[in-house]
Amino acid sequence: MFSILLLLVPVLAQSVIDYAPSTNQQCPDITNTHFVRQFTPANQTLHPKEQEYITARNASVISQAWFDWLGDASSLGYDLDAFKGLFPTIGIAIPGGGLRAAQYGAAALHALDARNDTARNSHTGGLLQVATYISGLSGGSWVTGSLLFNDWPNIPDLVFGDGNDLSGWLLDLPFATPDGSNIFSEDNQYFFGSLLWSVMAKAKAGIDTSLTDPWARMISYHFLNQTSRGNFFSNDSAHGAGQLWTDIPNIPSFRAHQVPFPLIVADSRPVGSNLTTVLDLDAVVYEITPFELASYDPNLSAGVNLTFAGTHFTNGRPENGSSCVSGFDQAGFIMGSSASLFNQILDFGRNTIAGWSDDDSKGLLYVLSRQLQEVRTRADDVANWPNPFKGLKNTTFVDSDADWLELIDGASNLENVPYGPHFVKARNVDVIVTLEASADDPNHWPNGTAQLTTARRLSDQLLASHQQFPPIPQSFDDFVNTGVNARPTFFGCDPTQRPPEYPMVIYLPQAPPFNGDDPIINSATFRLTYTQKYMQLFFEQVFSNAISGFVPGTNDADPDYGFCLQCAAVDRARYKASTIIDRSDFCTKCFKQYCYDETNPPSRSDLPNRKLVFVDPDPQGLLSFLGRNKFSLLGGLLGLIALVGCLIGGLIWWKKKKQRVQYQRVNELHDDMNSPGKKYSDFVRHESTYELPEYRGSM
């Protein structure tokens, strides 16, 4: 991404050191300002500005979008006017899984986007336009943030670039070592210097840092804006520093209510526990919106104004009188917090990051080692947030006495799909579309872990505050044996109550290609580099699956799948009418094929000839090079043998004519480890050379 932010927010950050929050800022009138709001499951409320946005989007965008997508609904066997504008509230959930999940989420959204002619003609395009909410977690938060901070562009332009303002995600440049495996190359050192300069600026402002901070800056280079292939290793832009999550309301597409309301999920490690394992289900889960950091868990039920989330509060008031911190909500740091898995994969003893390639691990650990030399850190393996809820709910909230919160990857409790916000009762979500990209089994396919975990957490921990999960297979094996993890499935098609006792879940999993092609989308979670060719093929395979559905017992696409998806999306509107509208014959037929019926479950045998083992479509490295060039190399080898033969013959002749000359042996060369080398500060501009934005000097 490059320069589009010029169009989005009033103030454009100019320097990588704008990653630093602004401290000692005058707070709003503390006698009339509610920095922290509290509620209970019984009187659960949404943030007023969230409610305002949803109301405006429903009125100005979503009602018409339903007609644009379904027409008069006669193709489904309905009269759309009979629903009297009482349409379902729809949420979209994009799970974690690193770059795999980000790419899957982007391609699947493209298949649901009415701006795409192929999707619209397949009748899947339009679901995105009628969605009220979109949630992201880890890699899912990256695609969500990228869409927002680039003003919700056409998705292929976002991912691959448009030749103008959008440079694409540049995933062929490795996250941690973009100039290759040599961490001491000049360009890598410039890159590391930029990251560290950002983190040092934050630390200099008195805010504790951790490994999440350079990780957040790496994410920003790829998914925010101001970065192109041409300026990747220079500091002539801020590379996303200074772009705040609270800037989202200033983005034109958000102001026009053209985008679903975003919800980012992060888990929290109980402070002082130092856990490096999976969290228990009672651990607090947070959501981050453009307006607040909040938890709807019954043991907290509170939210803080995100603008001042970097401020230390006690009992809802700033600890430092009228002095507040702003600018803590860096967009990269929000996405980094949701993807901060280091407490489970960082081995301090062995100095390794489990699952990462040697190059990626070496690069990030190098940055951490330099960071630790220069700045004060707190818990290195989490995202450190000042605790805005200190002193609140001390009988139920585990971190009520803590000064800090330790936020970590939103899937740390095994809820890899960010379902929680959609099940909050106050939101009244009717349909949850799951763009499932979890890698649960050895071949990196989902097996229901996220769904089963969320269902259990909802029933065990969140009964008072959240809706419940619809009926699903009751074990991982059942998810696989029924085949619901490998094709589109609708859960919760036939509620028994009115209003329904649970939302419908439209489950669109990362699945083996329906037509029997080799699968290329089930790559490893910690793969941090994709060639441009691989990205394109990945996108195409996801898109093809997402618009095709399935025909039981075949490898054919379902020509009615788009209409069936429409049936599922609109079905809950039948229950909103004064008298329940009967399900149409066409939609009944669709539901027989796509709905999960626990009394008559489907079978994996309905999905023949699906290949499960990953095939790299664009392998890199020596073996790949040899395979692609074997005939050229063979010809070259034969020529080389002939040349060597001639040289040997010539050398024998020459030796007979010349007296042998002895040369002095050269001593073995080596690097002098004690010699002075460049420090990372040699690879960044000195602070005094930065052209700071005007607003810094005026505060």
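Note that the structure is predicted; figures quoted are calculated from it, not measured.

## Remarks on the environment of Asp162
Part 1 of the reasoning: Structurally, Asp162 can be placed in the loop between helix H5 (155-160) and helix H6 (186-204).
Part 2 of the reasoning: Reaching out from Asp162, the side chain makes a polar contact with the backbone nitrogen of Asp165 at a distance of 3.4 Å.

## Regarding the confidence of the model for the protein chain
Part 1 of the reasoning: For the protein chain, per-residue confidence averages 88 on the pLDDT scale, and 86% of positions sit at 70 or higher.
Part 2 of the reasoning: Counting contacts from residues 2-13, a segment whose pLDDT is below 50, to residues more than four positions away or on other chains yields 37 contacts.
Part 3 of the reasoning: This stretch, residues 622-631, has a pLDDT under 50; its non-local contacts, to residues over four places away or in other chains, come to four contacts.

## Examining the pattern of salt bridges
Part 1 of the reasoning: Enumeration according to the criterion identifies 20 salt bridges in this entry.
Part 2 of the reasoning: Linking Arg457 and Asp297 is a salt bridge whose minimum nitrogen-to-oxygen distance equals 2.7 Å. Taken as a pair, Arg457 in helix H13 (residues 449-460) and Asp297 in the loop between strand S7 (292-295) and strand S8 (302-305) lie far apart in primary sequence, 160 residues in all. Take Arg457 and Asp297: they sit in the same class, and that class is buried.
Part 3 of the reasoning: A single salt-bridge network, built from bridges that share partners, covers Asp494, Asp571, Arg574 and Arg583.

## What about the packing of aromatic side chains?
Part 1 of the reasoning: Under the definition given, this model contains 51 aromatic pairs.
Part 2 of the reasoning: The ring of Tyr530 has Arg527 lying over it, and the distance from NZ or CZ to the ring centre is 5.1 Å.

## Quick notes on the packing of helix H7 (residues 212-223) against helix H9 (residues 331-338)
Part 1 of the reasoning: Contact geometry for H7 and H9: axes closest at 8 Å, N-to-C directions at 115°. One element, H7, and the other, H9, form an angle in the roughly perpendicular class. For the pair H7 and H9, the crossing hand works out as right-handed. Of H9, the residues touching H7 (which contributes Thr212, Asp213, Trp215, Ala216, Ile219 and Ser220) are Gly332, Phe333, Met335, Gly336 and Ser337.
Part 2 of the reasoning: Taken together, the residues that form the contact of H7 with H9 break down as five nonpolar, five polar and one charged.

Cut-offs applied
- Residues numbered from 1 in each chain as written.
- Predicted model: local features only at pLDDT ≥ 70, side-chain atom pairs only at ≥ 80, totals over all residues.
- Heavy atoms only, no water.
- Helix = DSSP H or I, 4+ residues; strand = E, 2+ residues; numbered from the N terminus.
- Polar contact = N/O pair within 3.5 Å; in protein donor to acceptor, adjacent residues only side chain to side chain.
- pLDDT = per-residue confidence, 0-100.
- Contact = heavy atoms within 4.5 Å.
- Salt bridge = Lys/Arg side-chain N within 4 Å of Asp/Glu carboxyl O.
- Buried < 20%, exposed > 50% of the residue type's maximum accessible area, 1.4 Å probe, protein only.
- Phe/Tyr/Trp six-rings, centres within 6.5 Å; stacked < 30°, edge-to-face > 60°.
- Lys NZ or Arg CZ within 6 Å of the ring centre and 35° of its normal.
- Axes fitted to C-alpha atoms, helices over the stretch in contact; angles between N-to-C directions.
- Parallel < 35°, antiparallel > 145°, perpendicular 65-115°, else oblique.
- Left-handed = near helix turned anticlockwise from the far one by under 90°.
- Nonpolar A, V, L, I, M, F, W, Y, C, P; charged D, E, K, R; others polar.

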